[in-house]
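Take a look at the letters that make up each chain.
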Amino acid sequence: MQGPRSPEVHEFSEVVEFLNQNLRLSSSWTISSEYPTALSANNIHNMSIIVEDEKIVSHAVLKPLVIKTPFCIFKVGAIGSVVTDPHHRQRGLSSRNIQNCLSLAEKQDCDMVILWTDQFDFYRRFGFELAGIEHTYVLENKIEIKNTKLRFVDNNRVDPEALLKLHTQHTVHSMRTPDDVRNFLKIPNSNLYTAWNEQNQLVAYAVEGKGVDLTNYVHEWAGSVDCLLDLFSFMQQKRNQPMTIMVPSHSTNLKKNLEKVCTLSHQGFLGMIKIVNRDALFAKIKKAFRAEGFDQIVFEKQGDVVVFGIGTDLYTIKNESDLTRLLFGPLKPTDLDFMSTETQEKLATLLPLPLWIWGWDSI
Ligand SMILES: CC(C)(COP(=O)(O)OP(=O)(O)OC[C@H]1O[C@@H](n2cnc3c(N)ncnc32)[C@H](O)[C@@H]1OP(=O)(O)O)[C@@H](O)C(=O)NCCC(=O)NCCS
């Protein structure tokens with residue numbers, strides 16, 4: 001048995017073949033077209049494999065993302081394509097690949113790692129917790145298009161630079177290159193819808209579906225709220241089936257408007273998150289609080305607890321999951337009834353920290 005280790009360059013196609021065989025047997029496309037930035041030769045150093053008798057038997061991949069937010073720039077490692085050959089399961093191989101991805105994330109200065117799974121207890125053993133906030137809105141009824149001057153298009157042939165320009169206007173967004181967007185546009189079953197004004201400028205876009213995932217889910221969008229609502233109406237008319245819009249907690253105006261027209265809304269989690277570089281993360285958070293005028297902010301690890309608060313009004317958190325849920329939601333400082341109201345209010349100016357991963361970046 002060899003590994004966990006990164007594949008050699010010549011093993012890349014074998015890795016993709018192993019993943020296709022184990023995760024995409026009934027798909028007509030290769031899994032690397034679904035996750036073009038994570039499962040690419042450029043990210044081979046972040047793949048973790050275990051080899052037995054010269055055959056790959058287990059795999060996981062880390063994709064570091066740089067996420068800009070209003071208060072901090074985070075480096076977030078996304079972990080995905082965790083899989084072991086059926087004949088080699090229950091022997092700790094995935095656990096070793098996950099540990100390897102965590103150590104790769106730590107070495108590359110990721111503040112935290114995130115993954116999407118339904119196997120919550122398996123990942124809780126490594127310190128992951130369901131955290132962050134995601135709102136979803138189901139649209140079923142026909143909505144009238146208000147701005148009749150907009151032109152709508154439903155194909156993927158759009159300049160990546162124009163999409164990138166709108167994407168970077170989000171308060172929380174990942175750093176992407178035009179090439180990344182070009183590859184995202186080629187993801188199978190990923191359907192782009194766009195809205196254009198009379199000057200032929202792109203004013204909104206929305207993406208539904210992504211490979212085998214997120215069918216009927218709008219996981220990427222950008223543009224002004226009015227244009228987006230009209231674009232969603234166009235998509236509904238065109239598709240004629242229920243559609244779920246995924247929205248970050250900080251998109252307050254869009255949320256308010258979708259609440260009025262949806263048939264169902266729900267608050268869920270962004271994903272399973274684990275903090276990997278606690279000191280670096282605390283330094284960023286304290287800097288952000290100080291920039292808002294809270295010089296007395298405290299976030300320190302002391303022994304096996306975290307001490308936090310303002311000035312001398314200090315509290316402790318022992319549990320790592322509670323810390324993750326306090327920093328990124330869904331816990332709010334105002335939920336902590338043991339805390340003074342004044343400190344609750346001060347902490348609530350920044351916490352939970354706005355965090356969001358757009359659908360094309362998820363792996
Ligand atoms: C989920 C999956 C990745 C786990 O892979 P694995 O290599 O079997 O994982 P591990 O062996 O590390 O852990 C699996 C179980 O074996 C146990 N185990 C770990 N080391 C062990 C060892 N040395 N001996 C016996 N059992 C062990 C683990 O505690 C775990 O227990 P659980 O079933 O109660 O959770 C695998 O089942 C798989 O490929 N499934 C299909 C794809 C998939 O669903 N991927 C997850 C996407 S998020």
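Residues numbered from 1 in each chain as written. Predicted model: local features only at pLDDT ≥ 70, side-chain atom pairs only at ≥ 80, totals over all residues. Heavy atoms only, no water.

**Quick look at the site of the ligand**
This is how it is decided: The nearness test applies per residue and asks whether one of its heavy atoms lies within 4 Å of the molecule or strand. In protein, a polar contact means a hydrogen-donor-capable atom and an acceptor-capable atom, both N or O and within 3.5 Å, with residues adjacent in sequence counting only if both atoms are side-chain atoms; elsewhere, any N or O pair within 3.5 Å suffices. Here the open area of atoms and residues is found with the Shrake-Rupley method and a 1.4 Å probe, where only the protein chains shown may cover a residue. Secondary structure elements are taken from DSSP: a helix is a run of H or I of four residues or more, a strand is a run of E of two residues or more, and numbering for both begins at the N terminus. We call Asp, Glu, Lys and Arg charged. Ala, Val, Leu, Ile, Met, Phe, Trp, Tyr, Cys and Pro are nonpolar, and the rest, Gly among them, are polar.
Near the ligand lie 16 residues; those nearest to it are V82, T84, Q90, G92 and S95. Taking T84, its side chain carries an N or O atom lying 2.7 Å from an oxygen atom of the ligand. Take R125: an N or O atom from its side chain is 2.9 Å from an oxygen atom of the ligand. Contact with the protein chains hides 62% of the accessible area of the ligand, taken as 940 Å² for the molecule alone. Broken down by secondary-structure element, the contributors of at least two residues to the shell around the ligand are β4 (73-84), α3 (93-107) and α4 (120-124). Its residues placed into classes, the shell around the ligand shows six nonpolar, seven polar and three charged.

**What about the packing of helix α7 (residues 225-239) against helix α8 (residues 252-261)?**
The test is simple: For every element, the axis is a line fit to its C-alpha atoms; helices are fit only across the contacting stretch, and the angle between N-to-C directions ranges from 0 to 180 degrees. Here is the rule for angles: anything less than 35 degrees is roughly parallel, anything more than 145 is roughly antiparallel, 65 through 115 is roughly perpendicular, and the remaining ranges are oblique. Left-handed describes a crossing whose near helix is turned anticlockwise from the far helix through less than a right angle; right-handed describes the clockwise counterpart. Contacts: residue pairs with any heavy atoms within 4.5 Å of one another.
Between α7 and α8, the shortest axis-to-axis distance is 10 Å and the interhelical angle comes to 40°. Put simply, α7 runs oblique to α8. Crossing hand, α7 versus α8: right-handed. From α7, V225, L229 and F232 reach across to α8, where they touch N253, L254, N257 and L258. When its residues are assigned to classes, the contact of α7 with α8 shows five nonpolar, two polar and no charged.

**Some remarks on the domain arrangement of the protein**
As a reminder, the rule being used: Each domain's extent is set by a domain assignment, obtained either automatically or from a database.
Per the domain assignment, the segments of the protein are domain 1 (2-110), domain 2 (135-268) and domain 3 (273-348). Summarising the inter-unit geometry, the C-alpha centres of domain 2 and domain 3 are found 34 Å apart.

**Focus on the sheet that holds strand β17 (residues 305-310)**
Spelled out, the test is: A strand pair is defined by DSSP finding two or more bridges across the two strands.
What the three strands build is an open sheet, ordered β16-β17-β18; its pairing is antiparallel. Unpaired on one side and paired on the other, β16 (297-302) and β18 (313-317) mark the two borders of the sheet. Neighbour to neighbour, the strand axes of the sheet diverge by 20° on average, direction disregarded. In this structure, β16 lies alongside β17, joined through six bridges in antiparallel fashion.

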